[in-house]
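# Per-entry structural report
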Amino acid sequence: MTAERIYRLLLRAYPPDFRAEYGRDMELLFRDQCQESDVRTLGFWARVFWDVARSAPALRLEAWRKRGSENTQTVEAIMKIAGMLTVLLAAFVIVGAAGEWVAGSKGAMDGRYVLAVVLGVFASVLLLGAGVAILLGARWGRQPARLALFASLVSAVAARLLFPWMSIFSQLVGFGLPVALLIALYWPNKTSTFKAA
Amino acid sequence: MTTKRGAGRPPEAYLPLPPATFHILLALADGELHGYAIMKGVAARSAGTVRLGPGTLYGALKRLLETGLVEERGERADPERGDERRRYYRLTHLGLSVVRAEARRLDAMVRAARRKKLIGVRPA
């Protein structure tokens, strides 16, 4: 096996993108080195291996960090879309609760029913606030959004337990959305830049 | 294709430079060079104490290109080294400012060491 073949194998230690960009130049430089050094000596190969051992892990780490940074941008974009959807859905549920209130007010109203509707509206307002906090995440951080989502979930559960007035859609938004957003806000902690808190 | 980071930063913001990076910039202060010429220049200037292998050299060049301290000047053959086309690199204005700033920083440190008689005097 020639020295160049061995070096070509060693080049596999470098990230593929780096190899594609500089692999040929590195081979050429290695060939130049071979012409001016005795490739049969241990010292020559020790220097070659030391160079690879010193530079390849650092370049791998850089490539890995770069990919992480790209993922962070994706997560951030997804969270912005989730924030907008949350605001829209919460506003929709508030309108629905207002309609429910108007329809219910025509007959005699039970105290538990009134409290359940008020709690439902309160949960939706908190959800809307959480959506706004997610949209303004870079300025406010995660914590306000988390607190609003927790409070919204508790209010929605309390409203549902007090009186079963909510539609399937309102229940999905009231329970499912806060749980999903809380998972998203806790899960990608290390990769998202949505972390000013 | 590379993207330049940190545009608009003052030269001092890049300091201190890693020794290998400083040596590469110093070699490029002579003009456009290809990888092997940079490597030889560094070895000669440091009297063989700094030896850049291909991985260290091109890793550093990649970072220097990304930060805009160095730019590529196309490919051409070096008549002294055969027909193979080689990529040439040269300092940018920013690269020149940064290597000057680093040289000044090191010079100030050497002068401070001299004032304290740590160098430049014979040990008793």
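Residues numbered from 1 in each chain as written. Chains lettered and ligands numbered in written order. Predicted model: local features only at pLDDT ≥ 70, side-chain atom pairs only at ≥ 80, totals over all residues.

With that settled, the discussion passes to the overall build of chain B. Broken down by element type, chain B carries four helices and three strands. When the helices and strands of chain B are read in sequence order from the N terminus, they spell out α-β-α-α-β-β-α. Per-residue burial over chain B gives 32% buried out of 124 residues. Residue pairs in contact within chain B that sit at least 24 positions apart in sequence constitute 56% of those at least 6 positions apart. (Helix = DSSP H or I, 4+ residues; strand = E, 2+ residues; numbered from the N terminus. Buried ≥ 20, exposed ≤ 12 C-beta atoms within 10 Å, placed from the backbone. Contact = placed C-beta atoms within 7 Å.)

Note that Val-157 of chain A resides in helix H6 (residues 143-162). Taking the C-alpha atoms as reference points, Val-157 of chain A and Gly-120 of chain A, separated by 37 residues in sequence, lie 8.8 Å from one another.

Let us now look at the environment of Leu-85 of chain A. All names here are of chain A. Residue position: Leu-85 is located in helix H3 (residues 42-104). Using a count of 15 C-beta atoms within 10 Å as the deciding quantity, one classes Leu-85 as partly exposed. Along the chain, Leu-85 and Leu-128 lie 43 residues apart, while their C-alpha atoms are 9.6 Å from each other.

Running from amino to carboxyl end, helix H2 (residues 16-36) of chain A crosses helix H3 (residues 54-67) of chain B at an angle of 135°, the nearest separation of the two axes being 10 Å. When the axes of H2 of chain A and H3 of chain B are compared, the pair comes out oblique. Of the two possible hands of crossing, H2 of chain A and H3 of chain B adopt the one that is right-handed. The residues of H3 of chain B that touch H2 of chain A, namely those facing Phe-18, Tyr-22, Asp-25, Met-26, Leu-29 and Phe-30 of chain A, are Pro-54, Gly-55, Tyr-58 and Lys-62 of chain B. (Axes fitted to C-alpha atoms, helices over the stretch in contact; angles between N-to-C directions. Parallel < 35°, antiparallel > 145°, perpendicular 65-115°, else oblique. Left-handed = near helix turned anticlockwise from the far one by under 90°.)

What follows concerns the sheet that holds strand S3 (residues 85-91) of chain B. Residues and elements named next belong to chain B. The three strands lie next to each other as S1-S3-S2, forming an open sheet whose pairing is antiparallel. Edge strands, defined here as strands with exactly one partner in the open sheet, are strand S1 (33-34) and strand S2 (70-77). As paired strands, S1 and S3 are joined by two bridges and run antiparallel to one another. Among the inter-strand pairings, Leu-33 is bridged to a residue of S3, identified as Tyr-89. (Pairing = 2+ DSSP bridges.)

Residue and element names in this part refer to chain B. Omega for the peptide link from Leu-15 to Pro-16 comes to -5°, which places this bond in the cis form. As for its position among the elements, Pro-16 is in the segment before helix H1 (19-28). Positioned with a positive phi, Ala-47 is a non-glycine residue whose angle comes to about 55°. Considering the arrangement of structural elements, one finds Ala-47 in the loop between helix H2 (35-45) and H3. Not every positive phi belongs to a glycine, and Lys-117 is a case in point at roughly 60°.

This part covers helix H7 (residues 168-186) of chain A. Residue and element names in this part refer to chain A. Counted at 1.5 Å a residue, the expected span for H7 with its 19 residues is 27 Å, and the 27 Å between its end C-alpha atoms agrees. Maximum bend of H7: about 30°, positioned at Gly-176, with proline Pro-178 one to four residues after it. Taken as a whole, H7 has its buried residues at Ser-170, Val-173, Gly-174, Leu-177, Pro-178, Leu-181 and Leu-185. (Expected span 1.5 Å × (residues − 1). Bend = angle between axes of the 7 residues up to and from the residue.)

Most often, soluble globular proteins keep nonpolar side chains buried together rather than apart. Ile-24, Leu-25, Leu-28, Ile-38 and Leu-61 of chain B are the most contacted members of the largest nonpolar core, which has 39 residues in total. Counting residues per element, the ones that place at least two in this core are H2 and H3 of chain A together with H1, H2, H3, S3 and helix H4 (93-115) of chain B. At six residues, H2 of chain A tops the list of elements feeding residues into this core. Once residues lying within four places of it in the same chain are set aside, the contact partners of Ile-24 of chain B are Ile-38, Val-42, Ala-60, Leu-61 and Leu-64 of chain B. Counting 26 residues, the second-largest nonpolar core is a separate cluster that includes Leu-127, Ala-148, Ala-156 and Ala-159 of chain A. (Core = buried A, V, L, I, M, F, W, Y, C linked by C-beta atoms within 7 Å.)

The figure often quoted for interface size is the accessible area lost as the parts come together. At the interface, 18 residues of chain A touch 15 residues of chain B. Secondary-structure elements contributing two or more residues to the side of chain A that touches chain B are H2 and H3 of chain A. The element contributing the most residues to the side of chain A that touches chain B is H3 of chain A, with nine residues. In terms of residue class, the side of chain A that touches chain B is made up of 12 nonpolar, one polar and five charged. (Nonpolar A, V, L, I, M, F, W, Y, C, P; charged D, E, K, R; others polar.)

Residues and elements named next belong to chain A. When the pLDDT values of chain A are averaged, the result is 83; 90% of them are 70 or greater. In the model of chain A, helix H5 (residues 137-140) stands out as the element of lowest mean pLDDT, 65, in contrast to H2, which has the highest, 94. Under a pLDDT of 50 for its full length, residues 190-197 has, in the predicted model, 22 contacts with residues more than four places off or in other chains. (pLDDT = per-residue confidence, 0-100.)

Pairing of S2 of chain B with S3 of chain B involves six bridges; the strand directions are antiparallel. Across the sheet, the residue bridging to Ala-77 of chain B is Arg-85 of chain B, located in S3 of chain B.

Moving on to the environment of Trp-45 of chain A. Residue and element names in this part refer to chain A. In this fold, Trp-45 is placed in helix H3. Accessibility expressed as a C-beta count within 10 Å gives 14 for Trp-45, which makes it partly exposed. Each C-alpha atom, one on Trp-45 and one on Ala-3, is 9.4 Å from the other, the two residues being 42 residues apart in sequence.

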